[in-house]
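Geometric and topological summary
Residue-level listing of the chains:
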Amino acid sequence: MQIPPYHAQWHPHSVTEERTCNDTTYPVRLVDGSTLILPLRPLPGGEKAIALLMSNQTGFAVEGALVRLLTDMVRELAPEVIVGVPTMGLAYARPVAENLGFSDYVALGHSRKFWYDDALSQCLTSSTSPDRAKHLYLDPALVERVRGRRVVVMDDVLNTGRTAAAAIQLMQKVEAQVIGITAVLTEGWAWQAELERSDPDMPGLVHALGHIPMFGRTDGGWRPLADT
């Protein structure tokens, strides 16, 4: 199967086409009225598709626009620390922290370094590798950056919510106060139930620039699935 080159676009205004999609792209209305146009990618089996945000493959113009919008959104929450969720959340956490004038940020990781403490880890499974368990780690050297401080956890897309929930649990271990969970996009609603398992109030802390549904195949092309 030939995969077309990845191409996402950002427009500073609302795209006026009907909010359905064709066989290639989907327009996402963002909180400021701008539009992010994402390519559609079929999932294995070919009956469902996703609007794909690949944060490490977007052009610099798209990345810059999203970072500006995230910075404005996070500034309203008045955090003291930005905590980036791997892998794609790190692409936004660092520049947002810099834009806010912070001297640093905290990057969580999946790779265990030899000096890490297993007490500062959480087990999780990935939506893209569901049969392989991963761990989320907080470097012990970064604990004092977050202990007792107001923290915003940043990801690129919230879908299953598992990584965000694991990040919250890590922050709770070091007595950090999670005041916000931010993302470029939410996808579907499975993340709500996952976050509720950590804390019933956690879904209310989620702030995103836009929302994308899942898609199903019809005779007319891809269409958003109900209740997603």
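How each quantity is defined
Residues numbered from 1 in each chain as written. Predicted model: local features only at pLDDT ≥ 70, side-chain atom pairs only at ≥ 80, totals over all residues. Heavy atoms only, no water. Phe/Tyr/Trp six-rings, centres within 6.5 Å; stacked < 30°, edge-to-face > 60°. Helix = DSSP H or I, 4+ residues; strand = E, 2+ residues; numbered from the N terminus. Buried < 20%, exposed > 50% of the residue type's maximum accessible area, 1.4 Å probe, protein only. Pairing = 2+ DSSP bridges. Contact = heavy atoms within 4.5 Å. Axes fitted to C-alpha atoms, helices over the stretch in contact; angles between N-to-C directions. Arc of directions from axis to C-beta. Salt bridge = Lys/Arg side-chain N within 4 Å of Asp/Glu carboxyl O. Expected span 1.5 Å × (residues − 1). Core = buried A, V, L, I, M, F, W, Y, C linked by side-chain atoms within 4.5 Å.

Under the definition given, this model contains two aromatic pairs. When the centroid spacing of 4.9 Å and the interplanar angle of 70 degrees are considered together, the rings of Tyr26 and Phe215 count as edge-to-face. Taken together, the residues span a long stretch of sequence, with Tyr26 in strand β2 (residues 25–29) and Phe215 in strand β12 (residues 215–218) at a distance of 189 residues. Of the residues examined, Tyr26 reaches a relative accessible area of 3% and is grouped as buried. Taking the centre distance of 5.9 Å and the plane angle of 45 degrees together, the rings of Trp189 and Trp191 count as tilted.

A few words on the sheet that holds strand β6 (residues 106–107). Across the sheet, five strands lie side by side as β6-β5-β9-β10-β11; this open sheet has parallel pairing. Looking at the sheet topology across the chains shown, the edges are occupied by β6 and β11 (206–212). Judged from the two bridges that link them, strand β5 (residues 81–84) and β6 form a sheet pairing that is parallel. When the sheet's bridge partners are listed, Gly84 is paired in β6 with Ala107. In the packing of helix α5 (residues 190–198) onto the sheet, the strands contacted are β9 (150–158), β10 (177–187) and β11, and the crossing angle to β10 comes to about 165 degrees.

Next up on the list: the environment of Arg68. Relative to the helices and strands, Arg68 is located in helix α1 (residues 60–75). Exposure remark for Arg68: the relative accessible area of 48% places this residue in the partly exposed category. The spatial distance from the C-alpha of Arg68 to the C-alpha of Leu209 is 11 Å, given a sequence separation of 141 residues.

Attention shifts here to helix α2 (residues 90–99). Taken as a whole, α2 has its buried residues at Tyr92, Ala93, Val96 and Ala97. Across the axial projection of α2, the buried residues extend over an arc of 125 degrees, all falling on one side. Opposite the packed face of α2, turned more than 90 degrees from it, sit the exposed residues Arg94 and Glu98. Elements that come into contact with the buried residues of α2 comprise α1, β5, β9 and β10. Among the residues trailing α2, Gly101 stands out with phi positive, at a value near 85 degrees.

On to the pattern of salt bridges, then. Counted under the stated rule, the structure contains four salt bridges. With a shortest N-O distance of 3.2 Å, Arg75 and Asp72 are connected by a salt bridge. In this pair, Arg75 and Asp72 both sit in helix α1, three residues apart, roughly one turn of the helix. A residue is classified by how much of its surface remains accessible, and Arg75, at 42% relative accessible area, is partly exposed. Among the salt bridges present, the one from Asp104 reaches Arg145, with a minimum N-O distance of 3.6 Å. Within this pair, whereas Asp104 is found in the loop between α2 and β6, its partner Arg145 is found in helix α3 (residues 143–146), the two being separated by 41 residues in sequence. Its relative accessible area of 30% is what places Asp104 among the partly exposed residues.

With that out of the way, let us pick up α1. Taking 1.5 Å as the rise per residue, α1 with 16 residues should run 22 Å; its terminal C-alpha atoms sit 22 Å apart, in good agreement. Residues of α1 that are buried include every one of Val62, Ala65, Leu66, Val67, Leu69, Leu70, Thr71, Met73 and Val74, and no others.

Attention shifts here to unusual backbone geometry. In the segment running from Pro86 into Thr87, the intervening peptide bond is cis, with an omega of 0 degrees. For Thr87, the position within the fold is in the loop between β5 and α2. At Ala78, a residue that is not glycine, the phi angle is positive and equals roughly 55 degrees. By the secondary structure assignment, Ala78 is in the loop between α1 and β5. By relative accessible area, which is 44% here, Ala78 ends up partly exposed. In this model, Asp227 sits at a positive phi of 65 degrees, which is unusual for a non-glycine residue. Its location among the elements puts Asp227 in the segment after β13 (221–224). Taking the relative accessible area as the measure of exposure, Asp227 reaches 74% and is therefore exposed.

Once that is clear, we can look at the nonpolar core. Judged by nonpolar contacts, the single largest core of 38 residues is most densely connected at Leu36, Leu38, Leu53, Ile82 and Leu185. At the level of elements, β2, β3 (35–42), β4 (48–51), α1, α2, β9, β10 and β11 are the ones that each hand at least two residues to this core. The element that contributes the greatest number of residues to this core is α1, accounting for seven residues. Ignoring anything within four residues of it in the chain, the contact list for Ile82 reads Val74, Ala93, Ala97, Leu100, Phe102, Tyr105, Val106, Val152 and Met154. Residues Val85, Leu120, Leu136 and Leu195 belong to the second largest nonpolar core, which totals 31 residues.

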